[in-house]
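Here is what each chain is made of, one letter per residue.
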Amino acid sequence: MARKTVQQADTVLSLVVPCFNEAQRLDAHAFAELAQSGDVRLIFVDDGSTDATAQLLETLCAASLGRAQWLQLAQNCGKAEAVRQGLLLAIAQGSKEIGFLDADLSTPPAELRRLLDVLHARPEVQVLIGARVRLLGNAVERKAIRHYLGRVFATAASLTLALHIYDTQCGAKLFRVTPALEAALAEPFVSRWIFDVELLGRLAWGCPGADPLPESAFAEVPLQVWHDVAGSKLRPGHFVRAAGDLVQIWLRLQARRQRGG
Ligand SMILES: Nc1nc2c(ncn2[C@@H]2O[C@H](COP(=O)(O)OP(=O)(O)OP(=O)(O)O)[C@@H](O)[C@H]2O)c(=O)[nH]1
Ligand SMILES: [Mg+2]
């Protein structure tokens, strides 16, 4: 089936791409192709990169015929706030489907497209999450240490959320814009790195202005391709911070549960 152009598309996904010092890793050609597909609009969010990221994004967006834009925040505020600001911009611009994707394209554009197809095929799903499951026949390639640490963390995150989720931390997630999502994005996240857990918690447990979503509103899709890209900004210390953040998120969710929503 032919892909629709922006003018014809019923829905256009606004995809937020957080970028911090990504001049070396960002594949401008691949992103330009994704934007040209017509049903995806890109919002890059750069918050104070000190390399040539700004110039790269300027060129990319200028050549995108309005399909890619670039939000520049005055100073570095971390991936969590960069993504939140990008998603809020997408909502303010009227998007009905939004999401985010890491700039290193660990989740390749073809997989993002597959996630989008699933979102369109399953109207009951409000939150669609890419999951890095190492199944035979799939090309999910991660350093062993990252895989095992990631599995321990993801299991703890799933227990914290009391949600049957396999992979909270994959950098590819899509959402339908609903009042619940808007409420969940209203406040900055407390965590800089595991905001995904916090966002899922606000949606699954409810937050000021929104009731909890049922588990059926969430779905994970095992990715067929995902690969580690060198140059990650995660350091061993971030895992320790992430564990501390997880405890904080758990305490907040417990307090919410005791207040009854
Ligand atoms: N805007 C913004 N983006 C950031 C910041 N820190 C990280 N990012 C982006 O977040 C995405 C993920 O960063 P990575 O360094 O690849 O880390 P990761 O993907 O969480 O972890 P890996 O599993 O190691 O790849 C990339 O698009 C980064 O550019 C930040 O402070 N500001
Ligand atoms: Mg990465």
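Note that the structure is a prediction, hence the values are computed from the model and not measured.

Novice: Is there a simple way to explain the pairing of strand E2 (residues 40-47) in this structure?
Specialist: Strand residues, when the strand is regular, have side chains that alternate between the two faces of the sheet. Most of E2 sits out of view: 7 of its 8 residues are buried. Read from strand E1 (residues 13-19) through helix H1 (residues 28-36) to E2, the crossover connection turns out right-handed. One ladder, built from 6 bridges, connects E2 with strand E3 (residues 68-73); its direction is parallel. Its bridge partner lying in E3, Asp46 is registered against Gln72. Following the backbone out of E2, through helix H2 (residues 53-62) and into the adjacent parallel E3, one traces a crossover that is right-handed.

Novice: Which parts of the structure should I look at to understand the nonpolar core?
Specialist: Nonpolar side chains tend toward joint burial in soluble globular proteins. In this structure, Leu15, Val16, Val17, Leu42, Phe44, Leu115 and Leu203 are the most contacted members of the largest nonpolar core, which totals 62 residues. By residue number, the principal contributor to this core is helix H7 (residues 195-205), which donates 7 residues. Two domains each donate at least three residues to this core, and these are domain 1 (1-105) and domain 2 (106-261).

Novice: I'm lost on the environment of Cys61 in this one. Help?
Specialist: Examined against the element boundaries, Cys61 turns out to sit in helix H2. Residue classification places Cys61 among the buried positions, given that 20 C-beta atoms sit within 10 Å. Each C-alpha atom of the pair Cys61 and Ala35 lies 9.7 Å from the other, and the pair is 26 residues apart in sequence. Once residues within four sequence positions are removed from consideration, Cys61 is found in contact with Ala68, Gln69 and Trp70.

Novice: I tried to follow the sheet that holds strand E8 (residues 218-222) on my own but got confused; where do I start?
Specialist: Consider a sheet: its strands pair through backbone hydrogen bonds, and that pairing is either parallel or antiparallel. One open sheet accounts for 7 strands, arranged E3-E2-E1-E4-E7-E5-E8; its pairing is mixed. A strand with exactly one partner marks an edge of an open sheet, and here the two such strands are E3 and E8. Strand after strand, the sheet turns through a mean of 20° between neighbouring axes, direction not considered. In this sheet, strand E4 (residues 97-101) lies alongside E1 in parallel orientation, the contact comprising 4 bridges. Bridge pairing in E4 links Leu13 to Glu97.

Novice: I tried to follow the site of ligand 1 on my own but got confused; where do I start?
Specialist: Surrounding ligand 1, one finds 19 residues, the nearest of these being Pro18, Phe20, Ala82, Ala103 and Ser232. When contributions to the shell around ligand 1 are tallied by element, the ones reaching two or more residues are E1, E2 and helix H3 (78-92). For the shell around ligand 1, the per-class residue count stands at 7 nonpolar, 5 polar and 7 charged. Inspection of the shell around ligand 1 shows a minimum of three residues originating in each of domain 1 (1-105) and domain 2 (106-261).

Novice: When you look at the domain arrangement of the protein chain in this model, what are you seeing that I'm missing?
Specialist: The figure often quoted for interface size is the accessible area lost as the parts come together. Domain annotation for the protein chain reports domain 1 (1-105) and domain 2 (106-261). Of note, the centres of domain 1 and domain 2, computed from C-alpha atoms alone, are 20 Å apart. The partner domain 2 presents 25 residues to the 26 residues of domain 1 that form the contact. When residues of the side of domain 1 that touches domain 2 are traced back to their parent elements, those giving at least two are H1, H3 and E4. With 9 residues, H3 is the single largest residue contributor to the side of domain 1 that touches domain 2. Residues of the side of domain 1 that touches domain 2, tallied by class, amount to 13 nonpolar, 4 polar and 9 charged.

About the criteria used
- Residues numbered from 1 in each chain as written.
- Chains lettered and ligands numbered in written order.
- Predicted model: local features only at pLDDT ≥ 70, side-chain atom pairs only at ≥ 80, totals over all residues.
- Buried ≥ 20, exposed ≤ 12 C-beta atoms within 10 Å, placed from the backbone.
- Helix = DSSP H or I, 4+ residues; strand = E, 2+ residues; numbered from the N terminus.
- Right-handed = clockwise from strand over helix to strand, strands pointing away.
- Pairing = 2+ DSSP bridges.
- Core = buried A, V, L, I, M, F, W, Y, C linked by C-beta atoms within 7 Å.
- Domains from an automatic or database assignment.
- Contact = placed C-beta atoms within 7 Å.
- Axes fitted to C-alpha atoms, helices over the stretch in contact; angles between N-to-C directions.
- Near = placed C-beta within 6 Å.
- Nonpolar A, V, L, I, M, F, W, Y, C, P; charged D, E, K, R; others polar.

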